[in-house]
Amino acid sequence: MGIARRAAGLAFLRSIGWRLGGERPAPRKYVVIAAPHTSNWDFPITLGCLAAYDVDVKWVGKHTIFRGPMGPVMKRLGGVPVVRDRSTNFVAQMAGLFEEHDDFALTMATEGTRRRVDFWKSGFYHLARLANVPVVLGYLDYAKKEGGMGPAIELSGDVTADMDRVRAFYDGKVGCRPENFGPIRLRSEVEPEPS
């Protein structure tokens, strides 16, 4: 794919008045945060950015979007279905994929929905720690019409300190529907983990 994929991604972004920001991630394995996630437009714009970087990234989506005739298309676009309403040991399964591949990146919409939420889903954090890979801060900024990749951060295990770095990066990034972009925090930052 290479040049053709990159050209197609850049052409798509230009056609909608967007530009690519940041740099292609240097690590060969990483988890990508996709935020803010406030609109259906986030999906095609994110795919355009990934194509423009010529990065083959898998993405996590609600299992219901993989049903019917669009299911094979979603999988071809890199989709990995996740069932949210029951425990499937998803984090361990995904960590296994990182182990199996020399190059592997997985994008996760940390808010888990386009609606405003009080807490981000913590799966990205636990997965990166378990797989021993960095987290790349992917973003869409509708105010600047810019999308791309920010820095790759190694998680320390100090959740609040790590999330402070994430919060600092996303400060000022504007979603399509800014009112739907809630606070950047994990539940474990304010509530004790069950023992």
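Here the structure is a predicted model, which means the values were calculated and not measured.

The rules behind each value
- Residues numbered from 1 in each chain as written.
- Predicted model: local features only at pLDDT ≥ 70, side-chain atom pairs only at ≥ 80, totals over all residues.
- Heavy atoms only, no water.
- Patch = residues over 30% accessible without salt bridge, like charges linked within 9 Å, V, L, I, M, F, W, Y side chains within 5 Å.
- Areas by Shrake-Rupley, 256 points an atom, 1.4 Å probe, with all protein chains shown as cover.
- Salt bridge = Lys/Arg side-chain N within 4 Å of Asp/Glu carboxyl O.
- Lys, Arg positive; Asp, Glu negative; His and termini not counted.
- Charge placed at Lys NZ, Arg CZ, Asp CG, Glu CD.
- Helix = DSSP H or I, 4+ residues; strand = E, 2+ residues; numbered from the N terminus.
- Buried < 20%, exposed > 50% of the residue type's maximum accessible area, 1.4 Å probe, protein only.
- Pairing = 2+ DSSP bridges.
- Axes fitted to C-alpha atoms, helices over the stretch in contact; angles between N-to-C directions.

Enquirer: With reference to specific residues and values, describe a positive patch on the surface.
Expert: Taken together, Lys 62, Arg 67, Arg 114, Arg 115 and Arg 177 make up a surface patch of like positive charges. The topology assignment puts Lys 62 in strand β3 (residues 58-62). What makes Lys 62 partly exposed here is its relative accessible area of 41%.

Enquirer: I'd like to hear about unusual backbone geometry, residue by residue, with values.
Expert: That bond from Ala 35 to Pro 36 is cis: its omega, -15°, falls within 30 degrees of zero. Assignment of secondary structure puts Pro 36 in the loop between β2 (29-35) and α2 (42-53). One non-glycine residue, Asp 54, adopts positive backbone phi at about 55°. Mapped onto the secondary structure, Asp 54 falls in the loop between α2 and β3. Of note in this structure, Lys 145 is not a glycine but carries a positive phi near 50°. Since its relative accessible area comes to 38%, Lys 145 is described here as partly exposed.

Enquirer: If you had to explain the sheet that holds strand β1 (residues 19-22) to someone new, which residues and values would you point to?
Expert: Read from one edge to the other, the open sheet built from seven strands follows the order β1-β7-β6-β2-β5-β3-β4, with strand pairing classed as mixed. Of all the strands in the sheet, just β1 and β4 (79-82) have a single pairing partner and so form its edges. Mean inter-strand twist for the sheet, computed between neighbouring axes without regard to direction, equals 25°. Sheet topology places β1 next to strand β7 (residues 146-153); four bridges connect them, and they run parallel. Bridge pairing in β7 places Gly 22 opposite Met 149.

Enquirer: Describe the pattern of salt bridges, listing the residues and the values that go with them.
Expert: In the structure shown here, the tally under the stated rule is six salt bridges. The shortest N-O distance in the salt bridge between Glu 146 and Arg 19 comes to 3.1 Å. Placement of the pair is Glu 146 in strand β7 and Arg 19 in strand β1, with a sequence separation of 127 residues. The shortest N-O distance in the salt bridge between Arg 187 and Glu 191 comes to 3.4 Å. Judged by its relative accessible area of 45%, Arg 187 falls in the partly exposed class. Glu 191 gets classed as partly exposed once you look at its relative accessible area, which sits at 36%. Salt bridges sharing partners connect three or more residues here, namely Asp 164, Arg 167 and Glu 189.

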